[in-house]
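Observations on the model geometry
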2 protein chains.
Amino acid sequence: MKIIVDAFGGDNAPLEILKGCAEAVKELDIDILLTGSEAEIRRVAKENDISLDRMEIADTPDVLTMEDHAGAVLKEKSNSSMALGLKLLAEGKGDGFLSGGNSGALVVGTTMIVKRIKNIKRVAFAPILPKKKGFFMLIDSGANVDCKPEMLRQFGVMGSIYMEKVMNVSRPRVGLANIGTEEHKGGELQQEAYILLKEAGLHFIGNVEAREIPEDAADVVVADGFTGNMLLKMYEGVSIAMMQMFKEVFFKNWKNKLAASMLLKDIKELKKTMDYNEYGGAPIMGAAKPVFKTHGSAKAKTVKNALRLTKSYIAGNVVDEIAAAVAVYKESQAKEKQAD
Amino acid sequence: MKIIVDAFGGDNAPLEILKGCAEAVKELDIDILLTGSEAEIRRVAKENDISLDRMEIADTPDVLTMEDHAGAVLKEKSNSSMALGLKLLAEGKGDGFLSGGNSGALVVGTTMIVKRIKNIKRVAFAPILPKKKGFFMLIDSGANVDCKPEMLRQFGVMGSIYMEKVMNVSRPRVGLANIGTEEHKGGELQQEAYILLKEAGLHFIGNVEAREIPEDAADVVVADGFTGNMLLKMYEGVSIAMMQMFKEVFFKNWKNKLAASMLLKDIKELKKTMDYNEYGGAPIMGAAKPVFKTHGSAKAKTVKNALRLTKSYIAGNVVDEIAAAVAVYKESQAKEKQAD
């Protein structure tokens, strides 16, 4: 298995990306095709004593930054490490693609270069997030501001397949993010999506309220991209604010510092549980080939975790499973239409 | 000043409501008109040695519960303590109304019985929430699932006036909840609301991302009711989940319990900072007379805090200020139209 990696995506590129790749090659038994400036990659690897064993390099000097607009990946930055990675994936030069770069550009580039699975209306950005026990997927969390009910149905199907095949959750519980649990709650979008999800052959548990999500509302939380982005960012914001507030208490004076030192191991464990970096990032669901986004702030360990998930995304045949599920649905719809 | 209080709204009614009212009478120099079963109120007051000094009672046996649908306040529960309170307010028998009952019913009842301020399109549910330092208003957080841009403009105006007159925030910073800070971000609703808010004569600071809200994004966060409700509930959910996780660490074993006991005072302080009960509840903004919702779980202290805010809501002439601001805008719009 060969995974294409954007060596220049994210704040800590290329050093932490290379470190993570080197660890992954050893631990995960994969080959890697790096995209980016070959001279720079070789220089950083040499200076930091990182082995490039089982890694090839596709040379390109350009880098797409966080400041570039999303469409740049197709135009002025069409030779960037991200754009090249997507092209190589589309051409079959690797089995999957990982980038820590600009999310918007990755979504646009994936849609236009790698393309979508047949009959999938939109790709979705679908981070794996921690909850009190375990994790859940939030799909879509920002790729699509305006959504149609059918898109939400597809998000549920894709999320369910991913959680089962990659995250080993059996019969993933799929919930629709809404302002109440009753079937008629929400706007038109939610009301119509509810009906579609109920009939989608999933383990659909109905509407879930945001209040229950951090506890354990569902394994897959379905939302339009606007709502999902709000939920994601509020989740991050409250976690960060509260962690900081506790930290201030722990460092307030010598007595508190002493007490905190006694709790250190358990607090670190808690922090790890709530760390949304722990799960490596977010698959771009609905792409015709596996594309995975890792955090812009990813360090070597997160890059390695992300490569592990990209490997499972490939090995789990998630793309084929989604394609099959969508095709079956399309057929059943056509039959229903004929019967009418 | 006389405040009408729903003696049977909320989980701890009537006992905690009566206690809170008795404290408020002493501390805030107000008169109170209670609605609900007079026999029950007198019995509970006597049994718990609560003075009913400066309190009248408007007798009604009916109670509207959390299980009742919102419309019940106008129909089968039109004699409930909540409905009666709203009617007495509309008739001028008091200067404001406080209830800890069913929020949906209170919004419907306020709109239909107390009515809206002239030219205000919808009333909004607008809780005051803690942030890392201080507090902010989230308007609307659930009264209106579907919103028009002009409604969001009005939410900004109303929230700004409330924060200035009641919460003593000078030049309140008004932000629009959105998925990015750039002006063109979000859907049609956000894009159009942005333009209206920019020209509303407020201290409008543009779009705010959910991630920054718990830190200190704005004093007034404007959102449609669906988004606002998601934000509110996610806020509550993450706070609760994290507090529980820390609690588990603190109680894990004897060593941790000892350490936690050393931190107890500061942790309590932190918990208080993050406690969304601390601010007493949420005004129903846009109502033709002051209506205030306190938490269903409110105990005496929260009821007293809510009465303090209701008093400021009345004393600050918030309703008149909003009416004037809306009238001025309406006039300027009419002139603009003439000029065209």
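First, a word on what this report is: a plain description of the structure on this page. (Residues numbered from 1 in each chain as written. Chains lettered and ligands numbered in written order. Predicted model: local features only at pLDDT ≥ 70, side-chain atom pairs only at ≥ 80, totals over all residues. Heavy atoms only, no water.)

Considering the overall build of chain A
Keep this limit in mind: Going along the chain from the N terminus, every DSSP run of H or I of four or more residues is numbered as a helix, and every run of E of two or more is numbered as a strand. The atom set for the radius of gyration is the C-alpha atoms, and the globule formula is 2.2 Å times the number of residues raised to the power 0.38. Contact definition: two residues touch when any of their heavy atoms are within 4.5 Å.
Helix and strand counts for chain A come out as 11 helices and 12 strands. For 340 residues, the compact-globule estimate of 2.2 N^0.38 gives 20 Å, and chain A sits close to it at 21 Å. Taken over the C-alpha atoms alone, chain A extends approximately 70 × 60 × 35 Å along its principal axes. A separation of at least 24 residues holds for 70% of the contacts in chain A among residues at least 6 apart in sequence.

Topic: the nonpolar core
All names here are of chain B. For the record, the criterion: Residues belong to a common nonpolar core when they are buried Ala, Val, Leu, Ile, Met, Phe, Trp, Tyr or Cys residues joined through side-chain atoms within 4.5 Å. Per-residue accessibility, obtained with a 1.4 Å probe over protein chains only, is compared with the maximum for each type, and a residue is labelled buried under 20%, exposed over 50%, and partly exposed between these values. A domain assignment, automatic or from a database, supplies the domain bounds used here.
Ranked by internal contacts, the top residues of the largest apolar core, which has 67 residues, are L34, I139, Y162, M167, M285 and L307. Built from parts of two domains, this core gets at least three residues from each of domain 1 (1–120 + 286–340) and domain 2 (128–279). Discounting residues that sit within four places of it in the chain, Y162 has contacts with I128, M137, M167, P283, M285, F292, L309, Y313 and V318.

Comments concerning the interface of chain A and chain B
Formally: Basic side-chain nitrogens of Lys or Arg form a salt bridge, by our definition, when they fall within 4 Å of a carboxyl oxygen of Asp or Glu. We call two N or O atoms a polar contact when they sit within 3.5 Å, provided that within protein one can donate a hydrogen and the other can accept it, with sequence-adjacent residues counted only if both atoms are side-chain atoms. When residues are grouped by polarity, Ala, Val, Leu, Ile, Met, Phe, Trp, Tyr, Cys and Pro land in nonpolar, Asp, Glu, Lys and Arg in charged, and all others, Gly among them, in polar.
Taken together, the contact between chain A and chain B spans 50 residues of the former and 50 residues of the latter. Between chain A and chain B we count 8 salt bridges in total. For the interface between chain A and chain B, the tally reads 15 residue pairs in polar contact (both at pLDDT 80 or more). Elements that contribute at least two residues to the side of chain A that touches chain B include exactly α7 (213–216), α8 (225–250) and α9 (254–273) of chain A. In terms of residue count, the dominant contributor to the side of chain A that touches chain B is α8 of chain A (22 residues). Grouping the amino acids of the side of chain A that touches chain B by side-chain chemistry returns 28 nonpolar, 11 polar and 11 charged.

Examining the relation of the copies chain A and chain B
Our working rule: Residues below a pLDDT of 70 in either copy are left out; the C-alpha atoms of the rest, at least 70 in both, set the least-squares superposition of the copies.
When chain A is brought onto chain B, the operation consists of a screw motion whose angular component is 180° and whose axial shift is 0.0 Å, with 0.0 Å RMSD remaining. Overall, the copies show the geometry of a two-fold rotation axis. If distances are taken from each C-alpha of chain A to the rotation axis, the shortest is found for A259 of chain A, at 2.2 Å. When you check the interface residues of chain A against chain B, 100% turn up at the interface there too, and the contact is symmetric in its surfaces.

A look at the sheet that holds strand β11 (residues 281–285) of chain B
All names here are of chain B. Quick note on the threshold: Pairs of strands are assigned from DSSP output, requiring at least two bridges between the strands.
With mixed pairing, 7 strands are arranged side by side in an open sheet as β3-β2-β1-β4-β12-β11-β5. Looking along the sheet, the strands with just one partner apiece sit at the ends: β3 (55–59) and β5 (124–125). The sheet contact formed by strand β1 (residues 2–6) and strand β4 (residues 96–99) spans 3 bridges and is parallel. Among the inter-strand pairings, I3 is bridged to a residue of β4, identified as G96.

Details of the environment of M163 of chain A
Residue and element names in this part refer to chain A. Among the secondary structure elements, M163 is positioned in helix α5 (residues 149–165). Using a relative accessible area of 0% as the deciding quantity, one classes M163 as buried. C-alpha of M163 to C-alpha of K299: the two residues are 136 residues apart in sequence and 24 Å apart in space. Apart from residues no more than four positions distant in its own chain, M163 is found in contact with I128, F135, F136, M137, N168, V169, P172, D219 and V220.

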